[in-house]
Amino acid sequence: MPTRQSDDIKLSALENAMRQFDEAAEVLNVDKMMLEILKQPRRAVIVKLPILMDNGDFQVFTGYRVQHNIARGPAKGGIRFHQDVNLDEVSALAAWMTWKCAVVGIPFGGGKGGIACDPSKLSKSELERLTRRYTADLTDVIGPEIDVPAPDVNTDSQTMAWIMDTFSMHARHTVTSVVTGKPIELGGSLGRREATGRGVLFAVREACQYKNIELKGARCVVQGFGNVGSVTADLLYRDGARIIAVCDVHGGLYNPEGIDIFGLLEYVAKNRKVVGFEGAQPITHDEILKLECEVLVPAALENVITSKNADDIKAVIVAEGANGPTTTNADKILQSRGIMVIPDILCNSGGVTVSYFEWVQDRMGYFWTEEEVNKRLEIILVKAFNDVLKVSLEYNCNMRIAAFLLAIKRVLEVTMLRGVYA
Ligand code: GLU
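Residues numbered from 1 in each chain as written. Predicted model: local features only at pLDDT ≥ 70, side-chain atom pairs only at ≥ 80, totals over all residues. Heavy atoms only, no water.

Visitor: I tried to follow the overall build of the protein chain on my own but got confused; where do I start?
Guide: When you go through the protein chain residue by residue, the secondary structure sums to 14 helices and 12 strands. Against the compact-globule benchmark of 22 Å for 422 residues, the protein chain has a radius of gyration of 20 Å, which places it among compact chains. Projected onto its principal axes, the C-alpha coordinates of the protein chain cover approximately 55 × 55 × 45 Å. Residue burial in the protein chain is summarised as follows: out of 422 residues, 60% are buried. Contacts in the protein chain between residues at least 24 apart in sequence constitute 69% of all its contacts with a sequence separation of at least 6. As presented, the protein chain carries roughly 17,700 Å² of accessible surface, and 51% of it is formed by carbon and sulfur atoms. Across the protein chain, the 47 positively charged side chains and the 53 negatively charged ones have centroids separated by 2 Å. (Helix = DSSP H or I, 4+ residues; strand = E, 2+ residues; numbered from the N terminus. Rg over C-alpha atoms; globule rule 2.2 N^0.38 Å. Buried < 20%, exposed > 50% of the residue type's maximum accessible area, 1.4 Å probe, protein only. Contact = heavy atoms within 4.5 Å. Areas by Shrake-Rupley, 256 points an atom, 1.4 Å probe, with all protein chains shown as cover. Lys, Arg positive; Asp, Glu negative; His and termini not counted. Charge placed at Lys NZ, Arg CZ, Asp CG, Glu CD.)

If you want it as structure tokens, here you go:
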């Protein structure tokens, strides 16, 4: 019987990540000490950042960078700017990056960073000073062979350009491969901006095939309309899916006949929110998750599907565009109800996969066409999906536990080969 206790509603992302790890680790017959090594982040840095505000005052912000594991290569993972950023959350996100890179088999470990701030309240020049000061304080901690940041919630290619420039100024030469997700002109990769959403599309296609669902005409709900949600909605729509509902932080839209996504994207480019777009009715954040649909894509923040609402989810497939949207208790409920969850560490791995391509291209100084990037991404994603599916059938477990099993095994293998420098 699934656990129905509702302690997961208050669960921190880190507690959730640890529970996921423990559940998978239980299945593996591995030395307990080894598992402890894999579980803990290897390094966590906290920086205090005094920033000169536009009004002449100083304000001190707190920044974080956590490197969870580097057994398979440099730490890799995004940087988020959000008022709720804290060490717990960044540590969970760093751990998920370790498992994500291992699931797709790219040669990176896991890292994550963030600054506790509300970027909507900062001017562009304040954001630039904050980003540069954060980077300057982390120059010894990041680098192409050490730890390679990328965009995440509320950061973009401009943020990456400032990081690249600040790091390069300190190094006294241009180091493009210190970050990924850069503007194309500065060594960014074609296809990187769309990569997470494109990866979600590839995963959804595979899941639909497995579940015998025709994606053309399938009802899809997308929660979150930032970089991941908007691109996912666009690509699903181009594949013929019917996007019946979307939402962002301000509110949601619902139209059972399907929303005109091209029109909505134009509207959002002008108005910076989905609310107010004609041709759909309003819907609340709670209601949107409970709509009957074939594919539900949570593409915002952590802990949105919990034991409180998991019984009301009426999707056939939940495709996790966000990191950590489902708690372990909710996972069990969804599993008992026969709902297939494509876990975040598989489903949203397209972003870091193309980040890997960007890092490779920067280091080669030779750039690929967009078709080449997308093709290579598809090959990796389709293989990863089927690898995870195979493990889930073999161990008779859900896709999340299967993805963790695969990832933990891969990191463990490398750790054993390297040996522990005790
Ligand atoms: N922030 C993205 C993620 O959570 C991308 C990380 C990267 O490209 O390094 O996967």
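Visitor: Which parts of the structure should I look at to understand the environment of isoleucine 37?
Guide: Here isoleucine 37 is to be found in helix H2 (residues 32-39). Sequence separation between isoleucine 37 and asparagine 386 is 349 residues, and the spatial gap between their C-alpha atoms is 28 Å.

Visitor: What am I meant to see in the packing of aromatic side chains here?
Guide: To describe a pair of aromatic rings, you give the distance between the ring centres and the angle between the ring planes. With the rule as written, the count across this model stands at nine aromatic pairs. A centroid spacing of 4.9 Å and a plane angle of 65° characterise the contact between phenylalanine 108 and tryptophan 359, whose relative ring orientation is edge-to-face. In this pair, phenylalanine 108 is assigned in the loop between helix H3 (87-104) and strand S4 (110-116) and tryptophan 359 in helix H12 (residues 350-364), connecting sequence segments 251 residues apart. Of the two residues, phenylalanine 108 and tryptophan 359, neither departs from the other in class, the shared state being buried. An aromatic cluster is defined as three or more aromatic residues linked by ring pairs; in this entry it consists of Phe108, Tyr356, Phe357, Trp359 and Trp368. The ring of tryptophan 368 has arginine 376 lying over it, and the distance from NZ or CZ to the ring centre is 4.2 Å. (Phe/Tyr/Trp six-rings, centres within 6.5 Å; stacked < 30°, edge-to-face > 60°. Lys NZ or Arg CZ within 6 Å of the ring centre and 35° of its normal.)

Visitor: It is not clear to me how the site of the ligand should be interpreted in this structure. Could you clarify?
Guide: Around the ligand, the structure places 14 residues, and the nearest of them are Lys76, Lys100, Pro151, Asp152 and Ser355. At 3.1 Å from an oxygen atom of the ligand is found a side-chain nitrogen or oxygen belonging to arginine 192. Within the side chain of serine 355, a nitrogen or oxygen atom sits 2.5 Å from an oxygen atom of the ligand. Expressed as a share of its isolated accessible area of 300 Å², the protein-covered part of the ligand is 94%. Of all elements in the fold, only strand S3 (75-82), H3, strand S5 (147-151) and H12 reach the threshold of two or more residues within the shell around the ligand. In terms of residue class, the shell around the ligand is built from four nonpolar, five polar and five charged. (Near = heavy atom within 4 Å. Polar contact = N/O pair within 3.5 Å; in protein donor to acceptor, adjacent residues only side chain to side chain. Nonpolar A, V, L, I, M, F, W, Y, C, P; charged D, E, K, R; others polar.)

Visitor: Explain the sheet that holds S3 to me, please; I cannot follow it from the model alone.
Guide: Consider a sheet: its strands pair through backbone hydrogen bonds, and that pairing is either parallel or antiparallel. Taken together, the five strands give an open sheet; going across it, the order is S1-S2-S4-S3-S5, and neighbouring strands pair in mixed fashion. Of all strands in the sheet, those with a lone pairing partner are strand S1 (43-52) and S5, marking the two edges. The sheet shows a mean angle of 20° between the axes of neighbouring strands, direction not considered. Bridging between S3 and S5 involves five bridges; their strand directions are parallel. Counterpart to glycine 77 in the pairing with S5 is proline 149. (Pairing = 2+ DSSP bridges. Axes fitted to C-alpha atoms, helices over the stretch in contact; angles between N-to-C directions.)

Visitor: Mind showing me how you'd approach the nonpolar core here?
Guide: Side chains of a nonpolar character, in soluble globular proteins, are inclined to be buried together. Ranked by size, the top nonpolar core spans 92 residues in total, and within it Trp99, Val246, Leu264 and Ile342 carry the most contacts. Examining the composition of this core, we find that 11 residues originate from one element, helix H14 (residues 399-418), more than from any other. Sequence-distant contacts of leucine 264, that is, excluding residues within four places in its chain, are made with Phe225, Val246, Leu253, Ile259, Val274 and Phe277. Counting residues in hydrophobic clusters, the runner-up holds 25 residues, among them Ile51, Tyr134, Leu138 and Phe167. (Core = buried A, V, L, I, M, F, W, Y, C linked by side-chain atoms within 4.5 Å.)

Visitor: Before we go on, may I ask you to explain the packing of helix H6 (residues 192-210) against helix H13 (residues 370-395) in this structure?
Guide: Two quantities define a packed helix pair, namely the angle between the helix axes and the distance between the axes. Orientation of H6 relative to H13, taken along the N-to-C sense of each, is 45°, at an axis distance of 9 Å. With respect to H13, the axis of H6 lies oblique. The two elements H6 and H13 meet at a crossing, and its hand is right-handed. Judged by residue contacts, Glu194, Ala195, Arg198, Gly199, Phe202, Ala203, Arg205, Glu206, Ala207 and Tyr210 of H6 engage Glu370, Asn374, Leu377, Glu378, Leu381, Val382, Phe385, Asn386, Leu389 and Leu393 from H13. (Parallel < 35°, antiparallel > 145°, perpendicular 65-115°, else oblique. Left-handed = near helix turned anticlockwise from the far one by under 90°.)

Visitor: Can you walk me through the environment of isoleucine 380 in this structure?
Guide: If you trace the backbone, isoleucine 380 turns up in helix H13. By relative accessible area, which is 21% here, isoleucine 380 ends up partly exposed. The residues touching isoleucine 380, leaving out its near neighbours within four places in the chain, are Val104, Thr353 and Phe357.

Visitor: Before we go on, may I ask you to explain the side chain of asparagine 69 in this structure?
Guide: Mapped onto the elements of the fold, asparagine 69 is located in strand S2 (residues 58-69). Here alanine 71 takes part through its backbone nitrogen, which lies 2.7 Å from a polar atom of the side chain of asparagine 69. The contacts of asparagine 69, once residues within four sequence positions are left out, are Leu38, Arg42, Thr98, Gly109, Gly110 and Val411.

These figures come from the coordinates and say nothing about function on their own.
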